[in-house]
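Each chain, written out:
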Amino acid sequence: MKRTRSPRPPRSAPDTEALLKEARALGLSSSRLEDAYWEARLSNQIDTLLKGKDDDTLNAALDHLYQSDDRGYEGLVDLVESRTESHSTGGDQGDDLLLIAIPILAWSRYSIPSGPVSAAILTNVRTQLMAHVLAADTRLALANALFSPDQIPPGFSATARFTGQLGRAAQQNVDFHVDAGQLPEAMHFLSDNRYILAAVAVKHGAPIFRWQEQDGDREQAEAQWKQQGGEVLRPLFPGCAIEARLPLAFFSACRDTDRAARGYAIQASVAFLNATFPEAADQLQAVIAPFHERRLTEYRIGFTLADGAKVVHGVVWPLLDAEDENSDVPGQVESILTAAGVNRITSLDHAFPAEYCDDCGAPYYPNQDGETVHAEMPEEEGTPHSRHLH
Ligand SMILES: [Zn+2]
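Residues numbered from 1 in each chain as written. Predicted model: local features only at pLDDT ≥ 70, side-chain atom pairs only at ≥ 80, totals over all residues.

### Comments concerning the overall build of the protein chain
At step 1: Helix and strand counts for the protein chain stand at nine helices and 15 strands.
At step 2: Here the C-alpha atoms of the protein chain give a radius of gyration of 23 Å, agreeing with the 21 Å that 2.2 N^0.38 yields for 390 residues.
At step 3: Projected onto its principal axes, the C-alpha positions of the protein chain cover 70 × 50 × 40 Å.
At step 4: For the protein chain, the proportion of its 390 residues judged to be buried stands at 38%. (Helix = DSSP H or I, 4+ residues; strand = E, 2+ residues; numbered from the N terminus. Rg over C-alpha atoms; globule rule 2.2 N^0.38 Å. Buried ≥ 20, exposed ≤ 12 C-beta atoms within 10 Å, placed from the backbone.)

### Concerning the domain arrangement of the protein chain
Bring the parts together and some accessible area is lost; that lost area is often taken as the interface size.
At step 1: The domain boundaries assigned to the protein chain delineate domain 1 (14-83), domain 2 (90-251) and domain 3 (277-381).
At step 2: Here the C-alpha centroids of domain 2 and domain 3 sit 33 Å apart. (Domains from an automatic or database assignment.)

### Some thoughts on the nonpolar core
At step 1: Ranked by size, the top nonpolar core spans 81 residues in total, and within it Ile100, Leu166, Ile196, Ala198, Ala199, Val200 and Ile301 carry the most contacts.
At step 2: With 12 residues, helix H8 (residues 250-276) is the largest single contributor of residues to this core.
At step 3: When residues of this core are assigned to domains, at least three map to each of domain 2 (90-251) and domain 3 (277-381).
At step 4: The contact partners of Val200, leaving out residues within four places of it in the chain, are Leu98, Ile100, Leu134, Thr138, Leu140, Ala170 and Ile208. (Core = buried A, V, L, I, M, F, W, Y, C linked by C-beta atoms within 7 Å. Contact = placed C-beta atoms within 7 Å.)

### Overview of helix H3 (residues 55-67)
At step 1: End to end, H3 covers 18 Å across 13 residues, agreeing with the expected 18 Å (1.5 Å per residue, within 8%).
At step 2: Every buried residue of H3 is accounted for by Thr57, Leu58, Ala60, Ala61, Leu62, His64, Leu65 and Tyr66.
At step 3: Contacts from the buried residues of H3 go to helix H1 (14-28), helix H2 (32-51), helix H4 (72-85) and helix H6 (156-171). (Expected span 1.5 Å × (residues − 1).)

### So, the packing of H3 against H4
At step 1: As a packed pair, H3 and H4 sit with axes 9 Å apart at the nearest point and diverge in direction by 155 degrees. On the basis of the axis angle, H3 is roughly antiparallel to H4. The hand of the H3/H4 crossing is left-handed. Of H4, the residues touching H3 (which contributes Leu58, Ala61, Leu62, Leu65 and Tyr66) are Gly72, Tyr73, Leu76, Val77 and Val80.
At step 2: When the residues that make up the contact of H3 with H4 are grouped by side-chain class, the tally is nine nonpolar, one polar and no charged. (Axes fitted to C-alpha atoms, helices over the stretch in contact; angles between N-to-C directions. Parallel < 35°, antiparallel > 145°, perpendicular 65-115°, else oblique. Left-handed = near helix turned anticlockwise from the far one by under 90°. Nonpolar A, V, L, I, M, F, W, Y, C, P; charged D, E, K, R; others polar.)

### Overview of the pairing of strand S1 (residues 86-89)
At step 1: Here S1 runs beside strand S2 (residues 95-107); their pairing, made up of four bridges, is antiparallel. Across the sheet, the residue bridging to Thr89 is Asp95, located in S2.
At step 2: Counted between consecutive antiparallel strands, the loop separating S1 from S2 contains five residues, among which Gly90 sits at a positive phi close to 65 degrees. (Pairing = 2+ DSSP bridges.)

### Section: H1
At step 1: For H1, with 15 residues, the first-to-last C-alpha span of 21 Å sits near the 21 Å given by 1.5 Å per residue.
At step 2: Of the positions making up H1, those classed as buried are Thr16, Leu19, Leu20, Glu22, Ala23 and Leu26.
At step 3: Summarising the contacts, the buried residues of H1 are in contact with H2, H3 and H4.

### Focus: the confidence of the model for the protein chain
At step 1: Residues with a pLDDT of 70 or more make up 94% of the protein chain, whose mean pLDDT is 92.
At step 2: When the criterion is pLDDT under 50, residues 6-11 qualifies, and its contacts beyond four places in sequence or with other chains add up to five contacts. (pLDDT = per-residue confidence, 0-100.)

### With respect to the packing of helix H5 (residues 119-132) against helix H7 (residues 218-233)
At step 1: Running from N to C, H5 and H7 point in directions that differ by 170 degrees, and their axes come no closer than 9 Å. Taken together, the axes of H5 and H7 lie roughly antiparallel to each other. Facing Ile121, Asn124, Val125, Gln128 and His132 of H5, the residues of H7 in contact are Ala221, Gln224, Trp225, Gln228, Gly229, Val232 and Leu233.
At step 2: Per-class residue counts for the contact of H5 with H7 are six nonpolar, six polar and no charged.

### Some thoughts on unusual backbone geometry
At step 1: Of note in this structure, Lys53 is not a glycine but carries a positive phi near 55 degrees.
At step 2: With respect to the element layout, Lys53 can be found in the loop between H2 and H3.
At step 3: A positive phi angle, close to 60 degrees, is found at Asn173, a residue other than glycine.
At step 4: By the element assignment, Asn173 lies in the loop between H6 and strand S6 (191-203).
At step 5: For Asn173, a count of 12 C-beta atoms within 10 Å gives the class exposed.

### Section: the environment of Gln93
At step 1: Turning to its location among the elements, Gln93 is positioned in the loop between S1 and S2.
At step 2: Spatially, the C-alpha atom of Gln93 lies 48 Å from that of Ala268, the residues being 175 residues apart in sequence.

### Here's the deal with the environment of Glu185
At step 1: Among the secondary structure elements, Glu185 is positioned in the loop between H6 and S6.
At step 2: Considering only alpha carbons, one finds Glu185 and Val133, 52 residues apart in sequence, at a separation of 30 Å.

### Some thoughts on the environment of Gly263
At step 1: Mapped onto the elements of the fold, Gly263 is located in helix H8.
At step 2: Put simply, Gly263 and Leu76 are 187 residues apart on the chain and 30 Å apart in space, counted from C-alpha to C-alpha.

See below:
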């Protein structure tokens, strides 16, 4: 899913070696023709590994190339994602199938729903997708579930199988039943991502998205979807604020949403705290600090009221893609906080270990005294999200 990978000792199984050899060759290729040659060979290997549910070999090769900063990494990750989220069937006269994700950012002081989606809502989503996002001659299968990030198919081979199942339904232009009772329970956060997953089938080489058509325009598609797609999605989210985001191919959509979710979580937190402590809105302060697990992995933002030692709520800002200590994350966080109306901001340089509460697993957040503490809502204002019960 994310291109950020944690270090792991390289392995040298024969399948991994074969992938590494051809991925490096692809990285060094000097022409589109040579690219195509290596890509065809790699695609065959990747398809075999996906069929054999061998995510370990794929991840070992990706980890190895990522760590060694090899030119083959980008080419291999693109191919693995592409073979996972798209299929072509039946040669030149056949269909192209693509797994897409319809992302929603949501926040609520209660809980953000996940699970089954009614046929009536799916019909409305289909109408808006066909009107604004998908090209004219696409066939579509929507899965009838709202997925939290922990509920989307785990790993490359599970996702590839889902693409195959949903893709076959798309060829028939019918929706796809998911047994929502079998999904793991969604974790609860103040703000989170949700996805409706779908597959699109088109004649080989035909446009998939509206903006690939002659008179299509991506910005217009996005604006219309956010408004009208957002309207038909809203009944799924009672008691929540939501932001519909542009549906895209599965991996791009998830990456785009993970990235956007970071700023959204800060805005949601400020809105939540202002609503919870209306008399204290001008006392709201934020402390930003870097957190390390061997290397810098995330920033954490602690929110405090008049008493700068007590953190009432916190947000984690994970680093994504190639971000590191040279990326101006504190600057980005500060401008989002300022735009949300928080003017008292402290940015700490001191690196903290990325520690969590032993009892509940909650991250510790920085306070104004430069310590890391458990976020704790005052007694009577507490909510199920953040009350500290131990
Ligand atoms: Zn705890």
